[in-house]
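Residue-level structural notes
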Amino acid sequence: VGAAGFELANGLLDAFVATVNDVARSVNSSTPPTARSRKLINLLPSSCRRINDPAWCSSAYVRLIAILDYITSMTDHHAVSLYKKIKGISIASNL
């Protein structure tokens, strides 16, 4: 995988960390998240989008750990597939 693996990991982290931070900000400030965040949050498992959990909403660390746990548990195939969906390389019907 080499250099492509770094791009893949960075791409997933960039997208999902920005998404959960935007969603948490929207919960805390009662402003809507961006359209991109509303789409991407649905690609995450419930363990990564605990918007009713005060610790999740108030702690970037808690959100980051949840995202890291999710990404590191992915198979290579799933990570590549998800990266393609996020980057628009593969158009998904559920995105």
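Residues numbered from 1 in each chain as written. Predicted model: local features only at pLDDT ≥ 70, side-chain atom pairs only at ≥ 80, totals over all residues. Heavy atoms only, no water.

Mapped onto the secondary structure, T19 falls in helix α1 (residues 3–29). Beyond its immediate stretch of four places on either side in the chain, T19 contacts S37, L40 and I41. (Helix = DSSP H or I, 4+ residues; strand = E, 2+ residues; numbered from the N terminus. Contact = heavy atoms within 4.5 Å.)

To continue, consider the side chain of R63. Structurally, the position occupied by R63 is in helix α4 (residues 60–72). Comment: no salt bridge for buried R63; closest opposite-charge side chain is D53, at 9.7 Å. Those residues within four positions of R63 in sequence are excluded, and the remaining contacts are V20, N21, A24, W56, C57 and S58. (Buried < 20%, exposed > 50% of the residue type's maximum accessible area, 1.4 Å probe, protein only. Lys, Arg positive; Asp, Glu negative; His and termini not counted. Salt bridge = Lys/Arg side-chain N within 4 Å of Asp/Glu carboxyl O.)

This part covers the confidence of the model for the protein. For the protein, the average pLDDT comes to 88, and 89% of its residues sit at 70 or higher. Averaged pLDDT values for the elements of the protein fall to 89 in α1 and rise to 96 in α4. (pLDDT = per-residue confidence, 0-100.)

This part takes up the pattern of salt bridges. Following the criterion strictly, the structure yields two salt bridges and no others. In this structure, D22 and R25 form a salt bridge, with 2.3 Å as the shortest nitrogen-oxygen distance. With D22 and R25 both in helix α1 and three residues apart, the pair spans about one turn of that helix. Look at D22 and you get buried, because its relative accessible area is 11%. R25 sits in the partly exposed class, given a relative accessible area of 38%. Here R50 and D53 are joined by a salt bridge, their closest N and O atoms 3.5 Å apart.

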